[in-house]
Amino acid sequence: KKEREQAAEREKAELERFRTAQLQQVAAAEAKRKAAEEEAAAVEPEPDDSVILSAYQFAHLMADRNANTIIYTGYATNECLLFAGGGMEQTRSRFRLILVRDATVALEHNDTALEQPNRDAAIRMVENSFGYTCTTADLLQSLGDASKDI
């Protein structure tokens, strides 16, 4: 009888640990869901924002706004910025393209991450085939100078 009582107590304790773990998982999932909702709300478009889903829409939006220059910054210069929809390959014939060298990176490997040769090669490709490059300081100075003319 004592063994059955001890086994029942162990089973009860195990069940309680399992229940506690499940409740913790549910609470963690709920916290994750709330955080995701907050992030989504933070990047939700404003009523006057344009949401672009394709390079075609992007080109038409830029044309409708009489834009003649696209300034690129961001991630994966050697992939996305060059070849994705709205990237330099698709826009170079219609717009002046500028890549901000110190505001972008490229896909690198573990052994190249510190020296960033893929980024440097992508920058050279932009300079040779797609458009212009500048530094953040150059861009800010140019924008500041341009705002004085307005």
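Along each chain, numbering runs from 1 in the same order as the chain's sequence is written. Two thresholds apply to this predicted model, a pLDDT of at least 70 for residue-level local features and 80 or more for giving and counting side-chain atom pairs, whereas whole-chain, interface and lining totals are computed over all residues. Think of the side-chain values as coming from all heavy atoms in the structure, minus any hydrogens and water.

**Details of the environment of Ile123**
So, step 1. Starting at the N terminus, helices and strands are each numbered in turn, a helix being any DSSP run of H or I of at least four residues and a strand any DSSP run of E of at least two. Structurally, the position occupied by Ile123 is in helix H5 (residues 117–130).
So, step 2. The buried label goes to any residue with under 20% of its type's maximum accessible area, the exposed label to any with over 50%, and the partly exposed label to all in between, with areas taken from a 1.4 Å probe on protein chains only. In this structure Ile123 comes out as buried when scored by relative accessible area, which is 5%.
So, step 3. Working rule for contacts: check all heavy atoms of both residues, and any pair within 4.5 Å makes them a contact. When sequence neighbours within four positions are dropped, the list of residues in contact with Ile123 reads Leu99, Arg101 and Thr133.

**With respect to helix H2 (residues 55–64)**
So, step 1. Listing the buried residues of H2 in full gives Phe58, Ala59, Leu61 and Met62. When H2 is viewed along its axis, its buried side chains cluster within an angular range of 165° and face the same direction. Exposed side chains of H2 directed beyond 90 degrees from the buried face belong to Tyr56 and Asp64.
So, step 2. Asn66 sits one or two positions beyond H2 and adopts a positive phi of about 55°. Directions pointing from the helix axis toward each C-beta atom define the arc.

**Concerning unusual backbone geometry**
So, step 1. A positive phi angle, near 55°, is found at Asn66, a position not held by glycine.
So, step 2. Notably, Gln116 is not glycine yet its phi reads approximately 55°, a positive angle.
So, step 3. Among the structural elements, Gln116 can be located in the loop between strand S2 (96–104) and H5.

**Considerations on the sheet that holds strand S3 (residues 132–134)**
So, step 1. Should DSSP find at least two bridges between two strands, the strands are regarded as paired. Strand order in this open sheet of three strands is S1-S2-S3, and the pairing throughout is parallel. What marks the edges here is a single partner per strand, and that holds for strand S1 (69–74) and S3. Taken pair by pair, the neighbouring strands of this sheet meet at an average axis angle of 25°, ignoring direction.
So, step 2. Sheet contacts for H5: S2 and S3; angle to S2, the most-contacted strand, approximately 165°. Orientation is described by axes fitted as lines to C-alpha atoms, over the contacting stretch for helices, and by angles from 0 to 180 degrees between their N-to-C directions.

**Concerning a nonpolar patch on the surface**
So, step 1. In this scheme, patches are assembled from residues that exceed 30% relative accessible area and form no salt bridge. Like charges are connected within 9 Å, while nonpolar side chains (Val, Leu, Ile, Met, Phe, Trp, Tyr) are connected within 5 Å. Surface accessibility in these figures is a Shrake-Rupley result with a 1.4 Å probe; residues are shielded only by whichever protein chains are displayed. Between Lys or Arg on one side and Asp or Glu on the other, a salt bridge is scored when a side-chain nitrogen of the former is within 4 Å of a carboxyl oxygen of the latter. A contiguous nonpolar surface patch, about 260 Å² in accessible area, is contributed by Tyr75, Val105 and Leu107.
So, step 2. Mapping Val105 onto the fold places it in the loop between S2 and H5.

**Re the confidence of the model for the protein chain**
So, step 1. Per-residue confidence from the prediction method is given by pLDDT, with values spanning 0 to 100. Looking at the protein chain, pLDDT values average 88 and 98% of them are 70 or higher.
So, step 2. Considering each helix and strand of the protein chain separately, the mean pLDDT is smallest for helix H4 (residues 88–91), with a value of 84, and largest for S3, with 96.

**Quick look at the environment of Glu37**
So, step 1. With respect to the secondary-structure elements, Glu37 resides in helix H1 (residues 2–42).
So, step 2. Note on Glu37: relative accessible area 47%, which makes it partly exposed.
So, step 3. By the criterion applied in these results, polar contacts are pairs of N or O atoms within 3.5 Å in which, for protein atoms, one can donate a hydrogen and the other can accept it, and in which residues neighboring in sequence qualify only through two side-chain atoms. There is a polar contact of 2.3 Å between the side chain of Glu37 and the side chain of Arg33.

**Description of the side chain of Thr133**
So, step 1. With respect to the element layout, Thr133 can be found in strand S3.
So, step 2. Among the polar contacts listed, one links the side chain of Thr133 to the side chain of Arg101, at a separation of 2.7 Å.
So, step 3. In this structure the side chain of Thr133 is engaged in a polar contact, spanning 2.6 Å, whose partner is the side chain of Glu127.
So, step 4. When residues no more than four places from it in sequence are discounted, the contact partners of Thr133 are Leu99, Arg101, Ile123, Val126 and Glu127.

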